[in-house]
Amino acid sequence: MSIITTRKTVIFSLFFAGLTWLCPPVVAEEPKLVLQQLADAEQRSKEHKLRNKYRNPAETLLFFGIQPQMSVLEIWPGHGWYTEILAPFLKDQGNLTLAQFRHNDGSLKDERSIFWARVSERLAQRVAEQSDYFGEVTNIELDPPRFSPPQQEQFDMVLTFRNAHIWNESGHLYGTLQSIFQALKPGGVLGMVEHRSARLSDISSSAVEGYLDEAYVIQAAEQAGFELVASSEINANPADTKNYPKGVYALPPTLAMGQYNKAQYMAIGESDRMTLKFIKPLE
């Protein structure tokens, strides 16, 4: 090889290195762009999209480390707020499983369980009818603390949004976390968003209806075998004073107080939330 050719090679190498520095690869940015586009997709209702500013879906999912080739379990998706983003994001390379509320086989008696069973059925029907958008989505059931059928080390990531307080109220927080631990592959991620109670000291908090103490949640997850790797204030809301009649349900989107102080609650917005990333250790 001549000296001239060598010089040209060096010059071109330096030139392209400079371009790389000036224009970094877009691969790292692509998931964020796709997630943001899905959060704003026309397939989502206006009401769902209005909640983006409180729930920060693209930033939250990126914080958890989601990738399009993952096998993901979303727990109790409700009306499908996150499903509308997760399913199309995963449909080409990965897969999404929904852990729905227990199906109403006639044995459900309380109105709350019957209501959520109907919500689950409607979401499953919508996903099936709009398969071009959602792709193929698997459905299982979570009747805390167990999945049906049982799930054993199948998922790269498990996501739960504002569910832990319900498990805690029924005495199943630790047991449900154990079931989630068994469902994750070693090295898998548990991403959790939950209403955060007011912290009074290192050993106490004020947890009105619907809120949970962050340290308590972390301790329960660690006892189930998880390791906390990061926490974020992405979904924090300093305006949430956490001292309302009916607790967190006084705030949007539930607005359990009806017209009473509605303007005040709307101005506060959705609750202050912890955003926690756990892993299942490799060993």
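The coordinates are above.
Residue positions within a chain follow its written sequence, with the count starting from 1. Owing to the predicted nature of the model, reporting of local features is limited to residues with pLDDT of at least 70; listing and counting of side-chain atom pairs is limited to 80 or more, with chain, interface and lining totals taken over all residues. The basis for the side-chain values is all heavy atoms of the structure; hydrogens and waters are excluded.

1. A short note on the overall build of the chain
Argument step 1. When its secondary structure is counted, the chain shows 12 helices and 10 strands.
Argument step 2. Remark: exposure states derive from per-residue accessible area (1.4 Å probe, protein chains only) relative to the maximum for the residue type, with buried under 20%, exposed over 50%, and partly exposed in between. In the chain, buried positions account for 46% of the 283 residues.
Argument step 3. Should any heavy atoms of two residues lie within 4.5 Å, those residues are counted as being in contact. Considering only contacts within the chain whose residues lie at least 6 apart along the sequence, 74% involve residues at least 24 apart.
Argument step 4. Surface accessibility follows the Shrake-Rupley procedure with a 1.4 Å probe radius. Residue values consider only the protein chains on display as shielding. Total accessible area computed for the chain in this model is approximately 15000 Å², and 54% of it derives from carbon and sulfur atoms. Helix numbering and strand numbering both begin at the N terminus, where a helix is a DSSP run of H or I of at least 4 residues and a strand a DSSP run of E of at least 2.

2. A look at the layout of surface pockets
Argument step 1. Method remark: on a 1 Å grid restricted to protein atoms, a set of points is classed as a cavity if a 1.4 Å probe fits but cannot get out and as a pocket if it is open with protein on both sides within 12 Å along at least five of seven lines; lining residues have an atom within 4 Å of a point. Grid points are joined across faces, edges and corners, and a volume is the space filled by probe spheres set on the points. Of the voids in this model, the largest pocket is the one considered here, and its volume is about 1100 Å³.
Argument step 2. Taken together, 40 residues make up the lining of the largest pocket; nearest its centre are F101, W116, R162, N163 and I166.
Argument step 3. Where the lining of the largest pocket is concerned, the elements lending two or more residues are β1 (71-75), α7 (111-129), β3 (137-143) and α9 (164-169).
Argument step 4. Element by element, the count of residues in the lining of the largest pocket is highest for α7, at four residues.
Argument step 5. Only Asp, Glu, Lys and Arg are considered charged in this grouping, and only Ala, Val, Leu, Ile, Met, Phe, Trp, Tyr, Cys and Pro are considered nonpolar; every other residue, Gly among them, is considered polar. When its residues are assigned to classes, the lining of the largest pocket shows 18 nonpolar, 12 polar and 10 charged.

3. Brief notes about the packing of helix α2 (residues 30-39) against helix α5 (residues 57-64)
Argument step 1. Remark: α2 packs on α5, axes separated minimally by 8 Å, with the N-to-C direction vectors making an angle of 140°. As summarised for this structure, α2 and α5 are arranged oblique, according to the angle between their axes. Relative to α5, α2 is oriented so that their crossing is right-handed. Judged by residue contacts, P31, K32, L35, Q36 and A39 of α2 engage P57, A58, E59, L61 and L62 from α5. Between the N-to-C directions of two axes lies an angle of 0 to 180 degrees, each axis being a line fitted to C-alpha atoms and, for a helix, fitted only over the stretch in contact. When describing relative orientation, an angle under 35 degrees is termed roughly parallel and one over 145 degrees roughly antiparallel, while 65 to 115 degrees is termed roughly perpendicular and anything else oblique. For any helix crossing, the convention is left-handed if the near helix is rotated counterclockwise from the far helix by under a right angle, and right-handed if that rotation is clockwise.

4. Brief notes about the packing of aromatic side chains
Argument step 1. A pair of Phe, Tyr and Trp rings is counted when the ring centres sit within 6.5 Å of each other, with Trp represented by its six-membered ring. The angle between the planes then sorts it: under 30 degrees is stacked, over 60 is edge-to-face, the rest tilted. Under the definition given, this model contains 11 aromatic pairs.
Argument step 2. An angle of 15° between the planes, with centres 4.2 Å apart, marks the rings of W76 and F101 as stacked. Within this pair, whereas W76 is found in the loop between β1 and α6 (83-90), its partner F101 is found in the loop between β2 (95-100) and α7, the two being separated by 25 residues in sequence.
Argument step 3. Ring pairing ties together the aromatic residues W76, F101, F115, W116 and W167, which thus form one cluster.

5. Some points on α6
Argument step 1. When you tally the buried positions in α6, you get eight out of eight residues, the bulk of the element.
Argument step 2. Turning to α6, its buried residues number three or more, namely T83, E84, I85, L86, A87, P88, F89 and L90.

6. A word on the pattern of salt bridges
Argument step 1. Salt bridges are counted wherever a side-chain nitrogen of Lys or Arg sits within 4 Å of a carboxyl oxygen of Asp or Glu. Under the definition given, this model contains 11 salt bridges.
Argument step 2. Between E84 and R44 there is a salt bridge, with its nearest N and O atoms 2.7 Å apart. Pair noted here: E84 is in helix α6 and R44 is in the loop between α2 and α3 (46-50), with a separation of 40 residues, a long-range link. Residues E84 and R44 agree in their burial class; the two are buried.
Argument step 3. The salt bridge partner of E233 is R196, with a shortest N-O separation of 2.9 Å. Placement of the pair is E233 in the loop between β9 (227-232) and α12 (262-268) and R196 in the loop between β6 (184-195) and β7 (198-199), with a sequence separation of 37 residues.

7. A few points about the side chain of H195
Argument step 1. Among the secondary structure elements, H195 is positioned in strand β6.
Argument step 2. Judged by its relative accessible area of 7%, H195 falls in the buried class.
Argument step 3. Contacts described as polar in this section are N or O atom pairs within 3.5 Å, which, within protein, must combine one atom able to donate a hydrogen with one able to accept it, while residues neighboring in sequence count only if both atoms come from side chains. Here the side chain of H195 touches S271 through a polar contact of 2.6 Å, side chain to side chain.
Argument step 4. Not counting residues within four places of it along the chain, the set of residues in contact with H195 comprises R162, H165, G210, Y211, L212, V248, S271, D272, R273 and M274.

8. Re the packing of helix α10 (residues 173-183) against helix α11 (residues 214-223)
Argument step 1. Contact geometry of α10 with α11 gives a least axis separation of 9 Å together with a crossing angle of 50°. Looking at the two axes, α10 sits oblique to α11. The way α10 lies across α11 gives a crossing that is right-handed. Every residue of α11 that contacts α10 at L173, Y174 and L177 is listed here: Y216, A220, A221 and Q223.

9. Thoughts on empty space enclosed by the protein
Argument step 1. The final tally for this structure, using the stated rule, is one cavity of 30 Å³ or more.
Argument step 2. By volume, the largest cavity is sized at about 30 Å³.
Argument step 3. Around the largest cavity, the lining residues are R55, T60, Y82, F161, R162, V193, N235 and R273.
Argument step 4. Here the residues of the lining of the largest cavity are counted per class, giving three nonpolar, two polar and three charged.

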